[in-house]
Amino acid sequence: MNRKMLMNLAVSGFVLSVATGCSGMGKMADAPSRAAGKPAIAAKSADQARVALEAGKASKAVGLAEAAVAGSPRDAGYRALLGQAYLNDGRFASATAALTEAIELGASDGNTVLSLALAQIAQNKNADAVALLTQHRAAVPASDLGLALALAGDNEGAIYVLSEAARAPGAGARTRQNLALAFALSGRWAQARILASQDLSIAKLEGRMAEWSKLAEQPDAQMRVASLIGTKVRHDAGMPVQLALSNFGAPQMATAEPMVQLASADPAPVADYAPPPPVLAPVLADASSAIRSVELPMPVRGADGVVPVTELPQPKPAGEVILADAAPYRAAPRVAGEGRIRPAQQQAIELATVLIPKAMGFDAKKPTGWAVQLGAYDSLGIAREKWGSLKKRNGVLANFPASSHAATVNGRNFYRLTVNGLATRADAASLCNQLKAQGQTCFIRAMGGGEAIQWASKTGPMRLASR
(Lines give C-alpha, C1' and ligand atoms only; values in the text may rest on other atoms or scores of the structure.)
Protein backbone atom coordinates (compact mmCIF):
# COMPACT_ATOMS: atom_id res chain seq x y z
CA MET A 1 0.00 0.00 0.00
CA ASN A 2 1.44 3.44 -0.89
CA ARG A 3 2.51 5.88 1.79
CA LYS A 4 -0.14 8.46 0.89
CA MET A 5 -2.97 5.97 1.37
CA LEU A 6 -1.42 4.73 4.61
CA MET A 7 -1.25 8.31 5.88
CA ASN A 8 -4.93 8.81 5.01
CA LEU A 9 -5.81 5.70 6.97
CA ALA A 10 -3.79 6.92 9.93
CA VAL A 11 -5.65 10.21 9.88
CA SER A 12 -9.01 8.48 9.68
CA GLY A 13 -8.16 6.15 12.56
CA PHE A 14 -8.54 2.91 10.58
CA VAL A 15 -5.03 1.64 11.21
CA LEU A 16 -4.02 -2.00 11.49
CA SER A 17 -0.44 -3.13 11.10
CA VAL A 18 -1.62 -5.32 8.20
CA ALA A 19 -2.45 -2.15 6.28
CA THR A 20 1.22 -1.62 5.45
CA GLY A 21 0.89 -4.37 2.87
CA CYS A 22 4.21 -6.10 3.44
CA SER A 23 5.78 -4.48 6.46
CA GLY A 24 5.85 -7.79 8.29
CA MET A 25 6.74 -9.92 5.30
CA GLY A 26 10.33 -8.92 4.59
CA LYS A 27 12.04 -11.17 7.08
CA MET A 28 9.96 -14.20 6.20
CA ALA A 29 9.95 -13.77 2.42
CA ASP A 30 13.71 -13.20 2.28
CA ALA A 31 14.35 -16.63 3.79
CA PRO A 32 15.95 -19.08 1.32
CA SER A 33 13.63 -21.55 -0.34
CA ARG A 34 13.69 -25.06 1.02
CA ALA A 35 11.53 -26.55 -1.70
CA ALA A 36 12.10 -27.82 -5.18
CA GLY A 37 11.55 -25.48 -8.13
CA LYS A 38 13.39 -22.34 -9.20
CA PRO A 39 14.53 -20.57 -6.04
CA ALA A 40 16.38 -17.78 -7.85
CA ILE A 41 13.36 -16.81 -9.96
CA ALA A 42 11.07 -17.14 -6.94
CA ALA A 43 13.23 -14.80 -4.83
CA LYS A 44 13.38 -12.20 -7.62
CA SER A 45 9.60 -12.33 -8.15
CA ALA A 46 9.00 -11.99 -4.40
CA ASP A 47 11.19 -8.86 -4.24
CA GLN A 48 9.30 -7.31 -7.15
CA ALA A 49 5.97 -8.20 -5.53
CA ARG A 50 6.95 -6.39 -2.32
CA VAL A 51 7.97 -3.31 -4.31
CA ALA A 52 4.61 -3.36 -6.12
CA LEU A 53 2.71 -3.60 -2.83
CA GLU A 54 4.63 -0.66 -1.42
CA ALA A 55 3.69 1.32 -4.54
CA GLY A 56 0.00 0.44 -4.11
CA LYS A 57 -0.11 -1.77 -7.24
CA ALA A 58 -1.86 -4.76 -5.69
CA SER A 59 -2.93 -6.39 -8.98
CA LYS A 60 0.64 -6.35 -10.26
CA ALA A 61 1.85 -7.72 -6.95
CA VAL A 62 -0.57 -10.65 -7.28
CA GLY A 63 1.02 -11.84 -10.55
CA LEU A 64 4.55 -11.51 -9.18
CA ALA A 65 3.68 -13.30 -5.93
CA GLU A 66 2.02 -16.13 -7.88
CA ALA A 67 5.26 -16.52 -9.86
CA ALA A 68 7.21 -16.70 -6.60
CA VAL A 69 4.94 -19.44 -5.27
CA ALA A 70 5.16 -21.35 -8.56
CA GLY A 71 8.97 -21.27 -8.31
CA SER A 72 9.04 -22.39 -4.69
CA PRO A 73 5.67 -23.96 -3.82
CA ARG A 74 6.44 -24.99 -0.22
CA ASP A 75 7.93 -21.70 0.95
CA ALA A 76 5.72 -20.32 3.73
CA GLY A 77 6.96 -16.76 3.21
CA TYR A 78 6.04 -16.65 -0.48
CA ARG A 79 2.53 -18.00 0.19
CA ALA A 80 2.04 -15.43 2.96
CA LEU A 81 3.20 -12.72 0.54
CA LEU A 82 0.69 -14.00 -2.04
CA GLY A 83 -2.09 -13.87 0.56
CA GLN A 84 -1.11 -10.27 1.37
CA ALA A 85 -1.32 -9.37 -2.31
CA TYR A 86 -4.75 -10.98 -2.68
CA LEU A 87 -5.99 -9.16 0.44
CA ASN A 88 -4.79 -5.75 -0.76
CA ASP A 89 -6.38 -6.47 -4.16
CA GLY A 90 -9.80 -7.14 -2.58
CA ARG A 91 -9.80 -10.90 -3.38
CA PHE A 92 -10.72 -12.27 0.02
CA ALA A 93 -11.43 -15.92 -0.89
CA SER A 94 -8.03 -16.29 -2.56
CA ALA A 95 -6.37 -14.50 0.35
CA THR A 96 -7.96 -16.98 2.79
CA ALA A 97 -6.69 -19.96 0.78
CA ALA A 98 -3.14 -18.65 0.41
CA LEU A 99 -2.77 -17.48 4.01
CA THR A 100 -4.23 -20.71 5.41
CA GLU A 101 -1.66 -22.73 3.45
CA ALA A 102 1.10 -20.37 4.64
CA ILE A 103 0.16 -21.10 8.26
CA GLU A 104 0.08 -24.83 7.47
CA LEU A 105 3.68 -24.50 6.26
CA GLY A 106 4.74 -22.84 9.51
CA ALA A 107 4.06 -19.11 9.14
CA SER A 108 2.91 -17.81 12.53
CA ASP A 109 3.86 -14.13 12.54
CA GLY A 110 1.26 -11.58 13.65
CA ASN A 111 0.94 -9.98 10.20
CA THR A 112 -0.03 -13.27 8.53
CA VAL A 113 -2.49 -14.16 11.30
CA LEU A 114 -4.10 -10.71 11.21
CA SER A 115 -4.38 -10.79 7.40
CA LEU A 116 -6.08 -14.20 7.47
CA ALA A 117 -8.49 -13.01 10.17
CA LEU A 118 -9.49 -9.97 8.07
CA ALA A 119 -10.02 -12.19 5.01
CA GLN A 120 -12.23 -14.53 7.05
CA ILE A 121 -14.22 -11.60 8.48
CA ALA A 122 -14.82 -10.32 4.95
CA GLN A 123 -16.43 -13.71 4.12
CA ASN A 124 -18.63 -13.66 7.27
CA LYS A 125 -16.51 -16.40 8.89
CA ASN A 126 -16.44 -14.52 12.18
CA ALA A 127 -16.24 -17.61 14.39
CA ASP A 128 -13.18 -18.86 12.48
CA ALA A 129 -11.56 -15.43 12.76
CA VAL A 130 -12.14 -15.22 16.53
CA ALA A 131 -10.75 -18.75 17.02
CA LEU A 132 -7.67 -17.89 14.94
CA LEU A 133 -7.02 -14.65 16.81
CA THR A 134 -7.48 -16.37 20.17
CA GLN A 135 -5.06 -19.15 19.24
CA HIS A 136 -2.35 -16.71 18.08
CA ARG A 137 -3.11 -13.81 20.42
CA ALA A 138 0.50 -13.72 21.66
CA ALA A 139 1.77 -12.97 18.13
CA VAL A 140 -0.65 -10.11 17.32
CA PRO A 141 -0.21 -6.67 18.93
CA ALA A 142 -2.98 -5.94 21.42
CA SER A 143 -4.19 -2.80 19.58
CA ASP A 144 -4.64 -4.78 16.35
CA LEU A 145 -6.00 -7.88 18.11
CA GLY A 146 -8.72 -5.88 19.87
CA LEU A 147 -9.87 -4.05 16.75
CA ALA A 148 -9.94 -7.30 14.74
CA LEU A 149 -12.08 -8.92 17.44
CA ALA A 150 -14.46 -5.95 17.24
CA LEU A 151 -14.77 -6.37 13.47
CA ALA A 152 -15.49 -10.09 14.02
CA GLY A 153 -18.39 -9.20 16.35
CA ASP A 154 -16.72 -10.08 19.67
CA ASN A 155 -17.33 -6.63 21.16
CA GLU A 156 -16.81 -7.55 24.81
CA GLY A 157 -13.57 -9.40 24.11
CA ALA A 158 -12.34 -6.49 21.98
CA ILE A 159 -13.11 -3.90 24.67
CA TYR A 160 -11.41 -6.03 27.33
CA VAL A 161 -8.21 -6.48 25.27
CA LEU A 162 -8.03 -2.81 24.24
CA SER A 163 -8.84 -1.55 27.74
CA GLU A 164 -5.94 -3.51 29.16
CA ALA A 165 -3.66 -2.25 26.37
CA ALA A 166 -4.77 1.37 26.91
CA ARG A 167 -3.91 1.10 30.62
CA ALA A 168 -0.43 -0.26 29.91
CA PRO A 169 2.51 2.13 30.30
CA GLY A 170 3.42 3.81 27.03
CA ALA A 171 0.01 3.26 25.40
CA GLY A 172 -0.36 5.66 22.49
CA ALA A 173 -3.13 7.45 20.65
CA ARG A 174 -3.54 4.59 18.17
CA THR A 175 -4.49 2.16 20.94
CA ARG A 176 -6.96 4.64 22.45
CA GLN A 177 -8.53 5.35 19.05
CA ASN A 178 -8.93 1.62 18.37
CA LEU A 179 -10.63 1.26 21.75
CA ALA A 180 -12.93 4.16 20.89
CA LEU A 181 -13.77 2.50 17.57
CA ALA A 182 -14.53 -0.76 19.41
CA PHE A 183 -16.95 1.17 21.65
CA ALA A 184 -18.57 2.66 18.54
CA LEU A 185 -18.97 -0.71 16.81
CA SER A 186 -20.66 -2.04 19.97
CA GLY A 187 -23.15 0.87 19.94
CA ARG A 188 -21.63 2.83 22.86
CA TRP A 189 -21.24 6.10 21.01
CA ALA A 190 -21.07 8.33 24.09
CA GLN A 191 -18.06 6.45 25.44
CA ALA A 192 -16.49 6.34 21.98
CA ARG A 193 -16.80 10.13 21.62
CA ILE A 194 -15.32 10.82 25.08
CA LEU A 195 -12.36 8.53 24.47
CA ALA A 196 -11.69 9.78 20.93
CA SER A 197 -11.70 13.41 22.11
CA GLN A 198 -8.57 12.76 24.18
CA ASP A 199 -6.41 12.81 21.04
CA LEU A 200 -8.49 14.87 18.57
CA SER A 201 -9.62 18.44 18.28
CA ILE A 202 -13.33 19.25 18.18
CA ALA A 203 -13.24 19.79 14.41
CA LYS A 204 -11.52 16.47 13.72
CA LEU A 205 -13.67 14.64 16.26
CA GLU A 206 -16.88 15.21 14.27
CA GLY A 207 -15.26 13.91 11.11
CA ARG A 208 -13.95 10.86 12.93
CA MET A 209 -17.36 10.02 14.38
CA ALA A 210 -18.96 10.40 10.93
CA GLU A 211 -16.45 7.94 9.42
CA TRP A 212 -17.03 5.45 12.22
CA SER A 213 -20.78 5.78 11.76
CA LYS A 214 -20.48 4.86 8.07
CA LEU A 215 -18.30 1.88 8.96
CA ALA A 216 -20.74 0.65 11.63
CA GLU A 217 -23.76 1.02 9.32
CA GLN A 218 -22.14 -0.92 6.45
CA PRO A 219 -23.98 -4.29 6.32
CA ASP A 220 -21.67 -5.86 3.71
CA ALA A 221 -18.71 -7.50 5.44
CA GLN A 222 -16.56 -7.34 2.30
CA MET A 223 -17.20 -3.63 1.86
CA ARG A 224 -16.45 -3.01 5.54
CA VAL A 225 -13.05 -4.75 5.42
CA ALA A 226 -12.23 -3.22 2.02
CA SER A 227 -12.90 0.28 3.34
CA LEU A 228 -10.81 -0.49 6.41
CA ILE A 229 -7.68 -1.46 4.43
CA GLY A 230 -8.28 1.02 1.60
CA THR A 231 -9.10 -1.25 -1.35
CA LYS A 232 -12.05 -2.27 -3.53
CA VAL A 233 -13.89 -5.59 -3.61
CA ARG A 234 -13.05 -7.46 -6.81
CA HIS A 235 -14.45 -10.54 -8.50
CA ASP A 236 -12.54 -13.50 -7.14
CA ALA A 237 -12.42 -16.76 -9.07
CA GLY A 238 -10.09 -18.26 -6.50
CA MET A 239 -6.39 -19.00 -6.40
CA PRO A 240 -5.05 -20.87 -9.47
CA VAL A 241 -5.51 -24.60 -9.05
CA GLN A 242 -1.92 -25.35 -10.05
CA LEU A 243 -0.67 -23.33 -7.07
CA ALA A 244 -2.65 -25.27 -4.47
CA LEU A 245 -0.46 -26.72 -1.74
CA SER A 246 -2.10 -30.12 -2.16
CA ASN A 247 -0.30 -30.45 -5.51
CA PHE A 248 3.08 -30.30 -3.78
CA GLY A 249 3.47 -32.97 -1.13
CA ALA A 250 6.06 -32.76 1.60
CA PRO A 251 9.49 -33.99 0.45
CA GLN A 252 10.23 -37.50 1.64
CA MET A 253 13.66 -38.86 2.52
CA ALA A 254 14.82 -41.78 0.38
CA THR A 255 14.88 -45.02 2.31
CA ALA A 256 18.17 -46.90 2.48
CA GLU A 257 18.23 -50.24 0.71
CA PRO A 258 18.57 -53.27 3.00
CA MET A 259 22.08 -54.57 3.52
CA VAL A 260 22.90 -57.64 1.43
CA GLN A 261 24.98 -60.28 3.22
CA LEU A 262 27.57 -61.79 0.94
CA ALA A 263 28.54 -65.42 1.11
CA SER A 264 31.94 -66.17 2.60
CA ALA A 265 34.74 -67.44 0.38
CA ASP A 266 35.02 -70.66 2.34
CA PRO A 267 31.49 -71.64 3.28
CA ALA A 268 30.93 -73.89 6.21
CA PRO A 269 29.65 -77.40 5.65
CA VAL A 270 25.94 -77.75 5.21
CA ALA A 271 25.80 -80.13 8.14
CA ASP A 272 26.72 -77.31 10.50
CA TYR A 273 23.52 -75.38 9.65
CA ALA A 274 21.13 -78.22 8.79
CA PRO A 275 18.66 -79.08 11.52
CA PRO A 276 19.14 -82.44 13.21
CA PRO A 277 16.99 -85.28 11.89
CA PRO A 278 13.83 -86.02 13.85
CA VAL A 279 14.12 -88.73 16.53
CA LEU A 280 11.69 -91.53 15.83
CA ALA A 281 10.29 -93.90 18.48
CA PRO A 282 11.59 -97.45 18.16
CA VAL A 283 9.36 -99.77 16.20
CA LEU A 284 8.17 -102.76 18.20
CA ALA A 285 8.51 -106.10 16.60
CA ASP A 286 5.33 -107.49 18.18
CA ALA A 287 2.26 -105.31 17.63
CA SER A 288 0.31 -107.24 20.23
CA SER A 289 2.73 -106.10 22.95
CA ALA A 290 2.23 -102.44 22.02
CA ILE A 291 -1.58 -102.50 22.19
CA ARG A 292 -3.16 -104.09 25.23
CA SER A 293 -6.88 -104.55 25.84
CA VAL A 294 -8.39 -104.36 29.28
CA GLU A 295 -11.35 -106.63 30.01
CA LEU A 296 -13.98 -105.13 32.30
CA PRO A 297 -16.08 -107.46 34.40
CA MET A 298 -19.70 -107.72 33.35
CA PRO A 299 -22.30 -106.76 35.95
CA VAL A 300 -24.05 -109.59 37.72
CA ARG A 301 -27.78 -109.62 37.16
CA GLY A 302 -30.34 -111.10 39.50
CA ALA A 303 -32.93 -113.75 38.73
CA ASP A 304 -35.25 -111.15 37.27
CA GLY A 305 -32.54 -109.70 35.01
CA VAL A 306 -32.10 -106.49 36.98
CA VAL A 307 -28.67 -105.22 38.00
CA PRO A 308 -28.76 -104.54 41.74
CA VAL A 309 -27.82 -101.00 42.87
CA THR A 310 -24.89 -100.79 45.20
CA GLU A 311 -25.83 -99.16 48.49
CA LEU A 312 -23.65 -96.21 49.38
CA PRO A 313 -22.52 -95.73 53.00
CA GLN A 314 -24.62 -93.19 54.84
CA PRO A 315 -22.90 -90.39 56.79
CA LYS A 316 -23.00 -90.56 60.56
CA PRO A 317 -25.57 -88.30 62.21
CA ALA A 318 -24.15 -85.07 63.60
CA GLY A 319 -23.86 -84.71 67.34
CA GLU A 320 -25.90 -82.35 69.42
CA VAL A 321 -25.32 -78.71 68.51
CA ILE A 322 -24.58 -76.57 71.53
CA LEU A 323 -25.52 -72.89 71.14
CA ALA A 324 -23.51 -70.21 72.94
CA ASP A 325 -25.36 -67.98 75.31
CA ALA A 326 -25.93 -64.64 73.45
CA ALA A 327 -25.57 -61.46 75.49
CA PRO A 328 -28.61 -59.17 75.40
CA TYR A 329 -28.40 -56.36 72.77
CA ARG A 330 -27.65 -52.98 74.20
CA ALA A 331 -28.05 -49.80 72.19
CA ALA A 332 -25.27 -47.21 72.21
CA PRO A 333 -25.94 -44.34 74.59
CA ARG A 334 -27.53 -41.32 72.85
CA VAL A 335 -25.37 -38.23 72.70
CA ALA A 336 -26.99 -35.08 74.06
CA GLY A 337 -28.34 -32.92 71.26
CA GLU A 338 -28.20 -35.67 68.63
CA GLY A 339 -30.99 -35.51 66.04
CA ARG A 340 -31.31 -31.74 66.13
CA ILE A 341 -30.53 -29.71 63.00
CA ARG A 342 -27.48 -27.57 63.45
CA PRO A 343 -27.47 -23.87 62.37
CA ALA A 344 -25.16 -24.53 59.42
CA GLN A 345 -27.40 -27.39 58.24
CA GLN A 346 -30.47 -25.22 58.62
CA GLN A 347 -28.84 -22.49 56.53
CA ALA A 348 -27.91 -24.97 53.79
CA ILE A 349 -31.46 -26.37 53.73
CA GLU A 350 -32.91 -22.87 53.50
CA LEU A 351 -30.49 -22.02 50.68
CA ALA A 352 -31.37 -25.15 48.69
CA THR A 353 -35.15 -25.07 49.24
CA VAL A 354 -35.99 -21.36 49.40
CA LEU A 355 -33.39 -18.92 48.11
CA ILE A 356 -32.08 -20.77 45.03
CA PRO A 357 -35.53 -21.73 43.61
CA LYS A 358 -36.64 -18.10 43.95
CA ALA A 359 -33.44 -16.81 42.33
CA MET A 360 -33.96 -19.05 39.31
CA GLY A 361 -37.04 -16.99 38.46
CA PHE A 362 -35.05 -13.76 37.98
CA ASP A 363 -36.09 -11.79 34.87
CA ALA A 364 -33.23 -9.73 33.41
CA LYS A 365 -35.66 -7.57 31.41
CA LYS A 366 -37.51 -6.49 34.57
CA PRO A 367 -34.99 -6.66 37.41
CA THR A 368 -36.85 -6.50 40.71
CA GLY A 369 -36.34 -7.65 44.27
CA TRP A 370 -33.06 -7.56 46.11
CA ALA A 371 -29.49 -8.20 44.96
CA VAL A 372 -26.09 -8.80 46.50
CA GLN A 373 -23.43 -6.61 44.86
CA LEU A 374 -20.01 -8.24 44.60
CA GLY A 375 -18.09 -5.33 43.07
CA ALA A 376 -17.95 -2.57 40.42
CA TYR A 377 -15.48 -2.63 37.52
CA ASP A 378 -14.25 -0.42 34.67
CA SER A 379 -15.70 -2.52 31.84
CA LEU A 380 -18.34 -5.14 31.21
CA GLY A 381 -15.70 -7.63 30.10
CA ILE A 382 -13.88 -7.36 33.43
CA ALA A 383 -17.16 -7.86 35.32
CA ARG A 384 -17.90 -11.04 33.36
CA GLU A 385 -14.38 -12.34 33.96
CA LYS A 386 -14.66 -11.64 37.70
CA TRP A 387 -17.95 -13.54 37.85
CA GLY A 388 -16.33 -16.57 36.25
CA SER A 389 -13.51 -16.62 38.81
CA LEU A 390 -15.80 -15.92 41.80
CA LYS A 391 -18.24 -18.73 41.07
CA LYS A 392 -15.34 -21.16 40.65
CA ARG A 393 -13.99 -20.14 44.03
CA ASN A 394 -17.38 -20.26 45.77
CA GLY A 395 -19.73 -23.08 44.85
CA VAL A 396 -22.74 -21.27 46.35
CA LEU A 397 -22.55 -18.47 43.75
CA ALA A 398 -22.79 -20.93 40.85
CA ASN A 399 -26.43 -21.64 41.78
CA PHE A 400 -27.53 -17.99 41.46
CA PRO A 401 -28.04 -15.77 38.39
CA ALA A 402 -25.68 -12.83 38.03
CA SER A 403 -25.95 -9.67 35.96
CA SER A 404 -24.15 -6.43 35.26
CA HIS A 405 -25.40 -2.93 34.50
CA ALA A 406 -23.70 0.43 34.07
CA ALA A 407 -23.74 3.13 36.73
CA THR A 408 -22.18 6.59 36.68
CA VAL A 409 -20.47 7.67 39.91
CA ASN A 410 -18.77 11.08 40.09
CA GLY A 411 -18.72 11.32 36.32
CA ARG A 412 -17.11 7.89 35.85
CA ASN A 413 -18.80 4.80 34.44
CA PHE A 414 -18.69 1.56 36.39
CA TYR A 415 -20.22 -1.87 35.76
CA ARG A 416 -21.82 -3.39 38.84
CA LEU A 417 -21.65 -7.16 39.31
CA THR A 418 -24.66 -8.38 41.29
CA VAL A 419 -26.23 -11.68 42.35
CA ASN A 420 -29.96 -11.37 41.64
CA GLY A 421 -33.30 -13.00 42.25
CA LEU A 422 -33.59 -12.55 46.02
CA ALA A 423 -37.17 -11.80 47.05
CA THR A 424 -36.64 -10.03 50.37
CA ARG A 425 -34.05 -7.99 52.14
CA ALA A 426 -33.64 -10.77 54.68
CA ASP A 427 -32.83 -13.26 51.88
CA ALA A 428 -30.19 -10.92 50.46
CA ALA A 429 -28.70 -10.28 53.90
CA SER A 430 -28.58 -14.02 54.62
CA LEU A 431 -26.69 -14.74 51.38
CA CYS A 432 -24.33 -11.79 51.89
CA ASN A 433 -23.54 -12.86 55.45
CA GLN A 434 -22.74 -16.36 54.23
CA LEU A 435 -20.40 -14.94 51.56
CA LYS A 436 -18.70 -12.65 54.08
CA ALA A 437 -18.08 -15.65 56.32
CA GLN A 438 -16.16 -17.17 53.42
CA GLY A 439 -14.07 -14.01 52.87
CA GLN A 440 -16.08 -12.40 50.03
CA THR A 441 -16.77 -8.65 50.18
CA CYS A 442 -20.40 -7.76 49.40
CA PHE A 443 -23.36 -5.59 50.30
CA ILE A 444 -27.07 -5.67 49.47
CA ARG A 445 -29.09 -3.31 47.30
CA ALA A 446 -32.68 -3.08 46.03
CA MET A 447 -33.30 -3.45 42.27
CA GLY A 448 -35.65 -0.67 41.22
CA GLY A 449 -36.71 -2.23 37.92
CA GLY A 450 -35.20 0.56 35.81
CA GLU A 451 -31.68 -0.88 35.57
CA ALA A 452 -30.59 -1.64 32.01
CA ILE A 453 -29.12 -5.10 32.36
CA GLN A 454 -26.31 -5.38 29.80
CA TRP A 455 -25.27 -8.93 30.64
CA ALA A 456 -26.86 -11.75 32.61
CA SER A 457 -25.50 -15.20 33.32
CA LYS A 458 -27.47 -18.37 32.80
CA THR A 459 -28.22 -20.41 35.90
CA GLY A 460 -27.47 -24.10 35.64
CA PRO A 461 -29.24 -26.95 37.41
CA MET A 462 -28.93 -26.80 41.20
CA ARG A 463 -26.31 -29.20 42.53
CA LEU A 464 -26.35 -30.38 46.13
CA ALA A 465 -23.46 -32.09 47.83
CA SER A 466 -23.93 -35.82 48.33
CA ARG A 467 -23.70 -37.25 51.84
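Preceding block: the structure.
Residues numbered from 1 in each chain as written. Predicted model: local features only at pLDDT ≥ 70, side-chain atom pairs only at ≥ 80, totals over all residues. Heavy atoms only, no water.

Let us now look at the pattern of salt bridges. Applying the stated criterion across every chain, the model contains 11 salt bridges. The salt bridge involving Asp47 is made with Arg50; its shortest N-O contact spans 2.0 Å. With Asp47 and Arg50 both in helix H3 (residues 39-54) and three residues apart, the pair spans about one turn of that helix. Here Arg167 and Asp378 are joined by a salt bridge, their closest N and O atoms 3.1 Å apart. (Salt bridge = Lys/Arg side-chain N within 4 Å of Asp/Glu carboxyl O. Helix = DSSP H or I, 4+ residues; strand = E, 2+ residues; numbered from the N terminus.)

For the rest of this paragraph, the subject is helix H12 (residues 189-196). Helical periodicity: at 3.6 residues per turn, an α-helix aligns residues three or four positions apart in one direction. Every buried residue of H12 is accounted for by Ala192, Leu195 and Ala196. Looking straight down H12, one finds its buried side chains confined to an arc of 95°; they lie on one side. Exposed residues lying more than 90 degrees from the buried face of H12 are Ala190 and Ile194. Where the residues of H12 are buried, they touch helix H11 (173-185) and helix H13 (202-217). (Buried < 20%, exposed > 50% of the residue type's maximum accessible area, 1.4 Å probe, protein only. Arc of directions from axis to C-beta. Contact = heavy atoms within 4.5 Å.)

Right, let's get into the side chain of Asp75. Inspection of the secondary structure puts Asp75 in the loop between helix H4 (58-71) and helix H5 (76-88). In terms of polar contacts, Asp75 uses its side chain to reach the backbone amide nitrogen of Tyr78, at 3.2 Å. (Polar contact = N/O pair within 3.5 Å; in protein donor to acceptor, adjacent residues only side chain to side chain.)

Core analysis: the largest hydrophobic core is formed by 65 residues, its most contacted members being Leu82, Tyr86, Phe92, Leu133 and Trp212. By residue number, the principal contributor to this core is helix H7 (residues 110-122), which donates eight residues. Non-local contacts of Leu133, meaning those with residues more than four positions away in its chain, are made with Val113, Leu114, Ala117, Leu145, Ala148 and Leu149. The next biggest cluster of nonpolar side chains, apart from the first, holds 22 residues, and it includes Tyr377, Trp387, Leu390 and Tyr415. (Core = buried A, V, L, I, M, F, W, Y, C linked by side-chain atoms within 4.5 Å.)

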